[in-house]
Amino acid sequence: MSSQNNAVEEKIKDLKEQSTFYVREIKKLVEALDFQKTVSVVSYFTTSFNISYDSEQESLCLGSYHIRNIGNQPVTNPYLCIKLPEDSPFSFSGRYVYEHFSQSLKTAGSWERIHDTSDNTEFWLKPIGKTTIEPNETISFTNFQIKWSHNLSYAGTITGFTYCDELQEGVLVLNPINLNGISVVQEGQDE
């Protein structure tokens, strides 16, 4: 019986050594992964259009701006900028608050307009109550509107940039919104 006990004890000893070896190798792999920390985000628009060819009616773009953390590290203090072309017929509106608004309007999930709030071509926004975007997480500024009239020809590109503490140079949106159209003079009207 003692030879069986020795064989079992020897097997247990071998398994402990094997487990120790595996744990040591796993630790090495995890440490190697720590050196490969990446900070990366992508941002993109989703849009829906209602284009009017009647010069008396406005055209409308409904959109959302999404920021997705595709890196393996959290990003901190995210904010975005939606930029309209200068001297364009486009007007922007969305659900955001200003710094001086009451705290009851600044709920989690809402966005605050920051920087020069009088500028009608750049809309700098930060999420309220959201200071980090975890890996594989997406946050969105939803349901903004861009309106324009069709009584004149129009052309322009709406761009977006995402910023955070780790990416202070900003990341350009993947799919800028390009809008252009030519005013058509209706029959019977003078040019």
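Heads up: the structure comes first, above all this text.
Residues numbered from 1 in each chain as written. Predicted model: local features only at pLDDT ≥ 70, side-chain atom pairs only at ≥ 80, totals over all residues. Heavy atoms only, no water.

Trainee: Honestly, the nonpolar core in this entry has me stumped. Any pointers?
Mentor: Most often, soluble globular proteins keep nonpolar side chains buried together rather than apart. Ranked by size, the top nonpolar core spans 27 residues in total, and within it Tyr65, Ile82, Phe92, Phe141, Phe144, Ile146 and Ile158 carry the most contacts. Going through the elements one at a time, strand 1 (41-50), strand 2 (58-69), strand 4 (79-83), strand 8 (122-127), strand 10 (138-149), strand 11 (154-164) and strand 13 (177-181) are the ones with two or more residues in this core. Among the elements that make up this core, the one with the highest residue count is strand 10 (5 residues). The residues contacting Phe92, other than those within four sequence positions of it, are Ile82, Leu84, Phe123, Phe141, Phe144, Gln145 and Ile146. (Core = buried A, V, L, I, M, F, W, Y, C linked by side-chain atoms within 4.5 Å. Buried < 20%, exposed > 50% of the residue type's maximum accessible area, 1.4 Å probe, protein only. Helix = DSSP H or I, 4+ residues; strand = E, 2+ residues; numbered from the N terminus. Contact = heavy atoms within 4.5 Å.)

Trainee: Would you explain unusual backbone geometry in this entry?
Mentor: The phi torsion at Asn136 lies on the positive side, around 70 degrees, for a residue other than glycine. Here Asn136 lies in the loop between strand 9 (132-133) and strand 10. For Asn143, which is not a glycine, the phi torsion comes out positive at approximately 60 degrees. Summarising the element assignment, Asn143 is placed in strand 10.

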